[in-house]
Amino acid sequence: MNQEDIKACPVIANHIKIALVGQPNVGKSMLINSVSNAHLHVGNFSGVTVDKTEVLFDYKDYHFTVVDLPGTYAFTDYTIEERVTHDYLCAEAYDLIINVVDSTSLEKNLQLTAELMSMSKSIVIALNMDDEAQKENIQIDAPYMSELMGIPCVKVSAATKSGIENLLDAVISVKEQEIQEAKLIFSEPVEEEIAVIVRYLRKHKYKAVNSYRNIAINLLKNNKKTYAKLHDDPIWTELQPILIEAAKHVELHHDSDDIKEAFAEEYASFNRGIVAEVVKQEITLEEKTLTEKIDSVLINSYFGIPIFLFFMWGLFQLTFEIGSIPMDWIDAFFGWAGDTIGPTIANDDIRSLVVDGLIAGVGAVVLFVPNIIILFIGIALLESTGYMSRVAFLLDGFFHKFGMHGQSFIPLVTGFGCSIPAYMSARILKNDRDRLLTLFIIGFMSCGARLPVYVLFAGAFFAPEMAGNILFIIYISGAILGLIAAKILKLTAFKGADEPFVMEMPKYRLPSIKLIWHTVLTKTMMYLKKAGTFIAAASILIWFLSNYPHNLLLENEYADKIEKVATEEEKTVLKNKLAEQLLEQSYLGVIGKFSEPIFEPLGFDWKMSVALQTGLAAKEVVVSTLGVLYALGDDVDEENSSLINAISKNISFASAIAFIVVIMIYLPCLAASIVFTREAGHIKYFFYLFGFTSIAAYSLAFIAYNVASFLSH
Amino acid sequence: MSTLNDCKKACKVKVIKLNAPADLKQRLISFGIMKETLIEVLEYAPAKSTIEVKVGKMRIALRAKEAELIEVEKV
């Protein structure tokens, strides 16, 4: 962990470092957000893309550091989040655990508590959602529960901010005491075997930090670490037969050869016992809860999907309609910044570097911020209300046919707007393989930046009334190709047994504005910080490649020619010619020429090859590169009729089709590739993506070229 | 022998056995689905591909294929 994160506290005072643990949807994040005067710190857990939130605050004489660990149902290491939590609890240094539980669903929540209790750490239980429990007439006897479990249990409510101080007081008093053994009681056969092992350890005066009882439980549970420790000890030879006997006894009692299952049942019956003792619920008539009423509409077999599609449509309308308003401002701002800063720099090269390289490049990244904010607000809303799980429920059937997961839908649809938020939203997929597969497919959904290229080519080769249909065909065929690619990847690279789909459908809740604001803000800042720095560097690189080496001879020659001609028109023609020749002999032009043979089978000339390569920086650049290369000046857009003419004159129909196919499939822009790499978690996935998309783009473009050539003859 | 997937909407059953592989079994157990657990079937997704059940107070979605691995009896 990053040590700098903690330095906000002075070293002199008493520190308490707390690991906040709980099952998903118990309101953990909301609980730490309700601590007043808290100082939030957001980062990543090392090595994984799991947000790590640390909260720093002072209470009484103590400095508190609370680490909000990702929600986990049990220590099964099934998702990244579960692994992060488990590893943190086992390996990191902290003083105690606050286990947040949902008071309205105590029995299920205590299943995790039971696992925590066998860890020999100090624990405080926060009985969260006390307000909801009272509404549901659930009475919990917290003092009695504390006594039964040997763990302080404190009623709190993050929503009404009540009980927080009691919780912190309990934490302080636990911190000031010695670690107390939690009172986890098992069934008779298990207790017998524990006693046998404890007696054996005591007889041999085995030295250990943890209690003998704790060691015995961990041995019975097949805890690998405990095994490893004892395995090197001389007593192991005698202990082993005892353990084998003990395991047999326990398994026989539970009629199962799975010791984990046996222990889960042990925990469950212990929890049932606790709940029966401490929870009094006035029996109300079994009427449908609000959640069930909402569910009967939202996941209805007939209306569910149309309602969902309507929500998605609304979200995208908002994202791209409202998002485009500030986008114009941002665009104007960076244009203005370039115009203002440019003239103040005397040196031509440096001015070009700052204006054309840095400002233009960074501007392109900042441009997407409004989209990202709106989309993330939408996604945070969908997630925190509990609707996202319903979406997965509704769509899993369809997506499963293609090897994906119901929740893959959100990132894929987002991909039609921009791949960057799409890659980021793939985080909602909890399972590694599902998420990776989805990340690989997102690029097939043509993003908004590719639209100009399609518009240009559709305009050049098809009648205006056909162009709209062509665009639609391009988008749809991209999506279909994506589904096919998913199926192929699932059958090859991501082969293996299907990941099970077992998912909680949480209660519907009103989202907390503070929490949403916080999530959106941190995600946006992370996007700006990380993608921004990379992009700035990359823009400089592209700028350099397309501007160097300078050819003074050529520049002077044209300068003379431009001097001599009289009309503005002729001057423009000459300037464009110069730009073309300069680009041809620049590093980028050299690369284009060099790579021309590779693209020849697809019917591309060196200009198209270069355009494809600059498109790696950003897809919008493809159009402007083609404009420069076909000598029309820098200021071209997709509606520029002379560019359309130039293209229909210089490029054959078959080459154009192949070009569109490549644009549809090949590597997304640099910013997106960087985000992809970060979300995938390893640089090797970038190379896989590069290989996969290149091969797919090349072979499909090759087929398209040949089919189109054949048809047009 | 009947499985959770054979149950109709709104029927209540008790788990007899989990026939799932170890990973999935752990997953089910961590959601509170184990021997003796009472389950109520709430809803089916279109084409019956996914099923929503109620375990205690928790609603859980699982695929039909996974539901087939849960042996149940009517109560």
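Starting from 1, residues in each chain are numbered consecutively following that chain's sequence as written. For this description, chains carry letters from A and ligands carry numbers from 1, given in the order in which they are written. The predicted nature of this model means local features are confined to residues of pLDDT at least 70 and side-chain atom pairs, given and counted, to a pLDDT of 80 or more, with totals for whole chains, interfaces and linings taken over all residues.

Peer 1: Would you take a moment to explain the overall build of chain B for this structure?
Peer 2: Under the scheme used here, helices are H or I runs from DSSP no shorter than 4 residues and strands are E runs no shorter than 2 residues, and both carry numbers assigned from the N terminus. Within chain B one finds two helices and six strands. Relative to a compact globule of 75 residues, whose C-alpha radius of gyration would be 11 Å, chain B shows 11 Å and is just as compact. Principal-axis analysis of the C-alpha atoms places the extent of chain B at approximately 30 × 25 × 25 Å. Here chain B holds 75 residues, and 45% of them are scored as buried. We call two residues in contact whenever the C-beta atoms placed from their backbones are within 7 Å. A separation of at least 24 residues holds for 59% of the contacts in chain B among residues at least 6 apart in sequence. Radius of gyration: C-alpha atoms only; globule rule: 2.2 Å multiplied by the number of residues to the exponent 0.38. Between the buried cut of 20 or more and the exposed cut of 12 or fewer other C-beta atoms within 10 Å of a residue's own C-beta lies the partly exposed class, and all C-beta atoms are placed from the backbone.

Peer 1: Can you walk me through the domain arrangement of chain A in this structure?
Peer 2: All names here are of chain A. Here chain A is described as being made up of domain 1 (3–176), domain 2 (188–255), domain 3 (304–447 + 468–499) and domain 4 (537–712). Averaged C-alpha coordinates put domain 3 and domain 4 at centres separated by 24 Å. Tallying the contact residues gives 26 residues for domain 3 and 22 residues for domain 4. At the level of elements, α14 (348–366), α18 (419–425), α19 (432–442) and α21 (464–491) are the ones that each hand at least two residues to the side of domain 3 that touches domain 4. If you tally residues by element for the side of domain 3 that touches domain 4, the top one is α14, at ten residues. Within the side of domain 3 that touches domain 4, the residues separate by chemical class into 18 nonpolar, seven polar and one charged. An automatic or database domain assignment provides the domain bounds reported here. When residues are sorted by character, Ala, Val, Leu, Ile, Met, Phe, Trp, Tyr, Cys and Pro go into the nonpolar class, Asp, Glu, Lys and Arg into the charged class, and all the rest, Gly among them, into the polar class.

Peer 1: Where do I start with the pairing of strand β3 (residues 51–59) of chain A in this structure?
Peer 2: In summary, the side chains of a regular strand alternate between the two faces of the sheet. All names here are of chain A. When DSSP finds two or more bridges between a pair of strands, those strands are recorded as paired. Relative to strand β4 (residues 62–68), β3 runs antiparallel, the two sharing seven bridges. Following the sheet pairing, threonine 53 is matched in β4 by aspartate 68. The turn joining β3 and β4, which pair antiparallel and follow one another in sequence, is formed by two residues; a positive phi near 50° is taken by lysine 60.

Peer 1: Got a minute to help me understand the nonpolar core in this structure?
Peer 2: For soluble globular proteins, nonpolar side chains are generally found buried alongside one another. Residues and elements named next belong to chain A. Defined on buried residues, the nonpolar core groups Ala, Val, Leu, Ile, Met, Phe, Trp, Tyr and Cys residues joined through C-beta atoms within 7 Å. Grouped together as the largest cluster of nonpolar side chains are 197 residues, with contacts concentrated most on Val124 and Ala126. Looking at this core element by element, the count peaks at eleven residues for helix α29 (residues 653–665). Not counting chain neighbours up to four residues away, the residues in contact with valine 124 comprise Leu96, Ile98, Ile151, Pro152, Val154, Leu167, Ala170, Val171 and Val174.

Peer 1: How should I be thinking about the interface of chain B and chain A in this particular structure?
Peer 2: Facing the 29 residues of chain B at the interface are 31 residues of chain A. Contributions of two or more residues to the side of chain B that touches chain A are made by α1 (22–30), β3 (38–44), β4 (50–55) and β5 (58–63) of chain B. Broken down by element, the side of chain B that touches chain A gets its largest block of residues, eight residues, from α1 of chain B. Class assignment of the residues belonging to the side of chain B that touches chain A gives a composition of 14 nonpolar, six polar and nine charged.

Peer 1: Got a minute to help me understand the packing of helix α7 (residues 188–203) of chain A against helix α10 (residues 236–254) of chain A in this structure?
Peer 2: The description of two packed helices rests on the angle between their axes and on the distance between the axes. All names here are of chain A. Convention adopted: a line fitted to C-alpha atoms gives each axis, helices being fitted over their contacting stretch, and angles between N-to-C directions are expressed from 0 to 180 degrees. As a packed pair, α7 and α10 sit with axes 9 Å apart at the nearest point and diverge in direction by 170°. Of the possible angle classes, the one that applies to α7 and α10 is roughly antiparallel. Along its contact with α7, which presents Pro189, Val190, Glu193, Val196, Ile197 and Tyr200, the element α10 presents Leu239, Ile242, Ala246, His249, Val250 and His253. Roughly parallel means an angle under 35 degrees; roughly antiparallel, over 145; roughly perpendicular, 65 to 115; everything else is oblique.

Peer 1: Explain the sheet that holds strand β2 (residues 12–18) of chain B here, please?
Peer 2: Strand pairing within a sheet occurs via backbone hydrogen bonds; the two strands may be parallel or antiparallel. Here we have seven strands laid out as an open sheet, ordered β10(A)-β5(B)-β4(B)-β3(B)-β2(B)-β6(B)-β1(B), and antiparallel in their pairing. A single partner strand is all that each edge strand has here, and the edge strands are β10 (502–505) of chain A together with β1 (2–3) of chain B. One ladder, built from two bridges, connects β1 of chain B with strand β6 (residues 70–74) of chain B; its direction is antiparallel. Within the sheet, the bridge partner assigned to serine 2 of chain B lies in β6 of chain B and is valine 72 of chain B.

Peer 1: Which parts of the structure should I look at to understand the packing of helix α20 (residues 451–461) of chain A against α29 of chain A?
Peer 2: All names here are of chain A. Contact pair α20 / α29: the axes reach a minimum separation of 11 Å and the direction vectors enclose 165°. By the criterion of interaxial angle, the relationship of α20 to α29 is roughly antiparallel. Crossing of α20 against α29: the hand is left-handed. In contact with Val453, Tyr454, Phe457, Ala460 and Phe461 of α20, α29 contributes Phe653, Ala656, Phe659, Ile660 and Ile663. Grouping the constituent residues of the contact of α20 with α29 by class yields ten nonpolar, no polar and no charged. Crossings are classed by handedness, with left-handed meaning an anticlockwise turn of the near helix from the far one by less than a right angle and right-handed meaning a clockwise turn.

Peer 1: Would you explain the pairing of β2 of chain B in this entry?
Peer 2: Residues and elements named next belong to chain B. The pairing of β2 with β3 spans three bridges and is antiparallel. Opposite lysine 14, over in β3, you have leucine 38 as the bridge partner. In this sheet, β6 lies alongside β2 in antiparallel orientation, the contact comprising five bridges. Within β6, the residue paired with lysine 14 across the bridge is glutamate 73.

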